[in-house]
There are 2 protein chains.
Amino acid sequence: MKIDHSNPADLSAQIAAAIRDAIVEGRLIVDERLPSEAELSEQFEVSRPTVREALKRLAAQSLIRTQRGASGGAFVNRISFEAAQAQQITTSTLLLSMNAVSFETACEARFSLERACAPLSAERRTADHLAAMRAEIHRQSQPGLTDEAFCASDVTFHRALVDGAGNPVLSYQLAGAVEAMQPLMNMITFTARDRAQIIALHERIADALEAGDAGEVADGLTALEGETQALAKDVFAKRAKRG
Amino acid sequence: MKIDHSNPADLSAQIAAAIRDAIVEGRLIVDERLPSEAELSEQFEVSRPTVREALKRLAAQSLIRTQRGASGGAFVNRISFEAAQAQQITTSTLLLSMNAVSFETACEARFSLERACAPLSAERRTADHLAAMRAEIHRQSQPGLTDEAFCASDVTFHRALVDGAGNPVLSYQLAGAVEAMQPLMNMITFTARDRAQIIALHERIADALEAGDAGEVADGLTALEGETQALAKDVFAKRAKRG
DNA sequence: TGCCGATGTAATGTCAGACATTTGAATTTT
DNA sequence: AAAATTCAAATGTCTGACATTACATCGGCA
């Protein structure tokens, strides 16, 4: 593991990349302790602050964790699905909000992905998943619910649907797509009638899931996508008119 | 933006979180310049190295970029699809390799997601996408191709299929799933007969895509999934026997 | 007057050394 | 033998300094 001293810029980035490669390529394995900061600064022939900046970069990506005290140090982290999901949600959220991705595009991607796990979820969903979805449907029909709370409940509903597929990789991938859309969804104001229609579709999806009817789940999702797109179109049209 | 000095641990993490929240919540907008490191260290009442560690954490997530020189500084970054994809691939790859995700689970997730964009790709793929896929099929049939090169070509083929959907959000999401599987795929050794079968399925998929037959694309993918799973099962069974 | 080069300056990048804090382990004491 | 104490190693933080970069300004020159 060596770095390029002829390019005196971004030493900490180079060091971070070198260590990251070692982890990705398996030369550093999970729970293995990295050399101490002092030792690393000797190896790379840089100062300790520079090494620390590199380590912080890796910590930000959950590639390492640090412990203080004797026999402490930096350890290769076994990245958890939760940590990976959190990162992906942050990244996806920023990507959608900063790149002016149209609501239409994001919505299409989200429902396409969700339909992808409909067959698996119809086959494998447990009673718990169904109960979670029913509970959210019930919450959504409460009067006096704010739009934001309605959206949050919607996200929980869909995550239960996705988790029902019983595939953690799928859940991890989809959490980003579903949660990242929440800020966009929050721009929509739902009338009582809108909510009733969405709730009806949620019930249709839950029923189909209970019956194990994958095709009907997918159809329900498609209908929900159409409804959502129509709502958004309406909101943006009104906004354009007003502005 | 304030931090908790009563908890004197992880000051840089707290600062990073505070700035990240400001970005995510839109209080700091794209291309806006953050205060200089000296000013930030005054605001947060910490030293400059601590501020720098916080900024490096954010830079590692592509949330900010830094420029040297007068009128330089740290700027809120417009995260690109490429950068987001690169991060997601790194995260997904580590997640798969370190969490002992079974090949079966990863494969199932990947093909489920890919089937999700089959309808869109069948409808929208351009001649370029088709040409790219045909080119990869041709490459795959070259004799003397290493297993790794064969896998790399396979990834390119599937990325063309996904890109054909014309939805950048979908492409971004799927790149992680497809590329992260490559290390797992590289564990497989392909016989000439295996390759012939895979190539035949690739041709079937390309043909269906050319004809705009979404159902047939999905069926081709399902067949390919079955073939891949069978191959993997075989490899792992032999390995278990030998070991 | 207009252009071009030299200089200034503000910012990040890096370094050295020091102290503070934490935590596990070795040591001593009861 | 168990508990309390001390020690040491490591991260976390601070101070102050210098190096490097790149923009901005100002001066000189045509």
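Since this is a predicted model, take the numbers as computed values, not measurements. (Residues numbered from 1 in each chain as written. Chains lettered and ligands numbered in written order. Predicted model: local features only at pLDDT ≥ 70, side-chain atom pairs only at ≥ 80, totals over all residues.)

Novice: Looking at this structure, how should I read the pairing of strand β2 (residues 73–76) of chain B?
Specialist: Here is the key point about a regular strand: its side chains alternate between the two faces of the sheet. All names here are of chain B. Relative to β2, strand β1 (residues 64–67) runs antiparallel, the two sharing four bridges. Within β2, the position partnered with Thr66 by the bridge is Ala74. The loop that links β1 with its antiparallel partner β2 comprises five residues; one of these, Gly69, has a positive phi angle of about 90°. (Pairing = 2+ DSSP bridges. Helix = DSSP H or I, 4+ residues; strand = E, 2+ residues; numbered from the N terminus.)

Novice: Sorry, what's going on with the protein's contact with DNA strand D here?
Specialist: As a matter of local geometry, DNA strand D sits amid 26 residues, with Glu37 of chain A together with Leu11, Ser47, Thr50 and Gly69 of chain B nearest to it. Elements represented by at least two residues in the surface near DNA strand D include exactly α2 (37–44), α3 (48–60) and β2 (73–76) of chain A together with α1 (11–24) and α3 (48–60) of chain B. The element contributing the most residues to the surface near DNA strand D is α3 of chain B, with three residues. In the surface near DNA strand D, the residues fall into 10 nonpolar, 10 polar and six charged. (Near = placed C-beta within 6 Å. Nonpolar A, V, L, I, M, F, W, Y, C, P; charged D, E, K, R; others polar.)

Novice: I keep staring at the packing of helix α4 (residues 81–98) of chain A against helix α9 (residues 168–180) of chain A and nothing clicks. Help me out?
Specialist: Two quantities define a packed helix pair, namely the angle between the helix axes and the distance between the axes. Residue and element names in this part refer to chain A. Where α4 contacts α9, the two axes come as close as 8 Å, and the packing angle between them is 30°. When the interaxial angle is binned, α4 and α9 end up roughly parallel. Both α4 and α9 take part in a crossing whose hand is right-handed. Side by side, α4 and α9 meet where Phe81, Ala84, Gln85, Gln88, Ile89, Ser92, Thr93 and Leu96 of the first sit next to Pro168, Tyr172, Ala175, Gly176, Ala177, Glu179 and Ala180 of the second. Here the contact of α4 with α9 is built from residues that sort into nine nonpolar, five polar and one charged. (Axes fitted to C-alpha atoms, helices over the stretch in contact; angles between N-to-C directions. Parallel < 35°, antiparallel > 145°, perpendicular 65-115°, else oblique. Left-handed = near helix turned anticlockwise from the far one by under 90°. Contact = placed C-beta atoms within 7 Å.)

Novice: It is not clear to me how the protein's contact with DNA strand C should be interpreted in this structure. Could you clarify?
Specialist: Surveying the vicinity of DNA strand C reveals 25 residues, the closest of which are Leu11, Val46, Thr50, Gly69 and Ala70 of chain A. When residues of the surface near DNA strand C are traced back to their parent elements, those giving at least two are α1 (11–24) and α3 of chain A together with α2 (37–44), α3 and β2 of chain B. Here the residues of the surface near DNA strand C are counted per class, giving 10 nonpolar, 10 polar and five charged.

Novice: Looking at this structure, I do not really get the packing of helix α8 (residues 147–163) of chain B against helix α9 (residues 168–180) of chain B. What am I missing?
Specialist: Residue and element names in this part refer to chain B. One way to put it is that α8 packs onto α9 with a least axis distance of 10 Å and a crossing angle of 160°. Between α8 and α9, the angle is such that the two are roughly antiparallel. In terms of crossing hand, the pair formed by α8 and α9 is right-handed. Together, Val155, His158, Arg159, Val162 and Asp163 of α8 and Leu170, Ser171, Leu174, Ala175, Val178 and Glu179 of α9 make up the contact between the two elements.

Novice: Quick question: what am I supposed to make of the interface of chain A and chain B here?
Specialist: A common way to report how large an interface is uses the accessible area buried once the components associate. Taken together, the contact pairs 42 residues of chain A with 42 residues of chain B. Counting residues per element, the ones that place at least two in the side of chain A that touches chain B are α1, α3, α4, α5 (103–116) and α9 of chain A. Partitioned by chemical class, the residues of the side of chain A that touches chain B number 22 nonpolar, 13 polar and seven charged.

Novice: Please explain the environment of Phe190 of chain A as it appears in this structure.
Specialist: All names here are of chain A. For Phe190, the location among the structural elements is in the loop between α10 (182–185) and α11 (192–211). With 20 C-beta atoms packed within 10 Å, Phe190 lands in the buried category. Along the primary structure Phe190 and Glu123 are separated by 67 residues, whereas in three dimensions their C-alpha atoms are 32 Å apart. Beyond its immediate stretch of four places on either side in the chain, Phe190 contacts Asp147, Phe150 and Arg195. (Buried ≥ 20, exposed ≤ 12 C-beta atoms within 10 Å, placed from the backbone.)

Novice: Sorry if this is basic, but what is going on with the relation of the copies chain A and chain B here?
Specialist: Two copies of the chain are present, and they differ by a rotation about an axis and a shift along that axis. Its rotation angle being 180°, the transformation that places chain A on chain B also includes 0.1 Å of axial translation and leaves an RMSD of 0.1 Å. The superposition of one copy onto the other is thereby described by a two-fold rotation axis. Mapped onto chain B, 100% of the interface residues of chain A again fall at the interface, so both copies present the same surface. (Least-squares fit on C-alpha atoms with pLDDT ≥ 70 in both.)

Novice: Can you walk me through the nonpolar core in this structure?
Specialist: When a protein is soluble and globular, its nonpolar side chains tend to lie buried together. Judged by nonpolar contacts, the single largest core of 86 residues is most densely connected at Ala106 and Leu174 of chain A together with Ala106 and Leu174 of chain B. Within the second largest apolar cluster, 38 residues are counted, among which are Ala54, Leu58 and Val76 of chain A together with Leu63 of chain B. (Core = buried A, V, L, I, M, F, W, Y, C linked by C-beta atoms within 7 Å.)

Novice: I tried to follow unusual backbone geometry on my own but got confused; where do I start?
Specialist: Note on backbone geometry: most residues besides glycine have negative phi, and most peptide bonds are trans. At Ser71 of chain A, a position not held by glycine, the phi torsion is positive, near 55°. Relative to the helices and strands, Ser71 of chain A is located in the loop between β1 (64–67) and β2.

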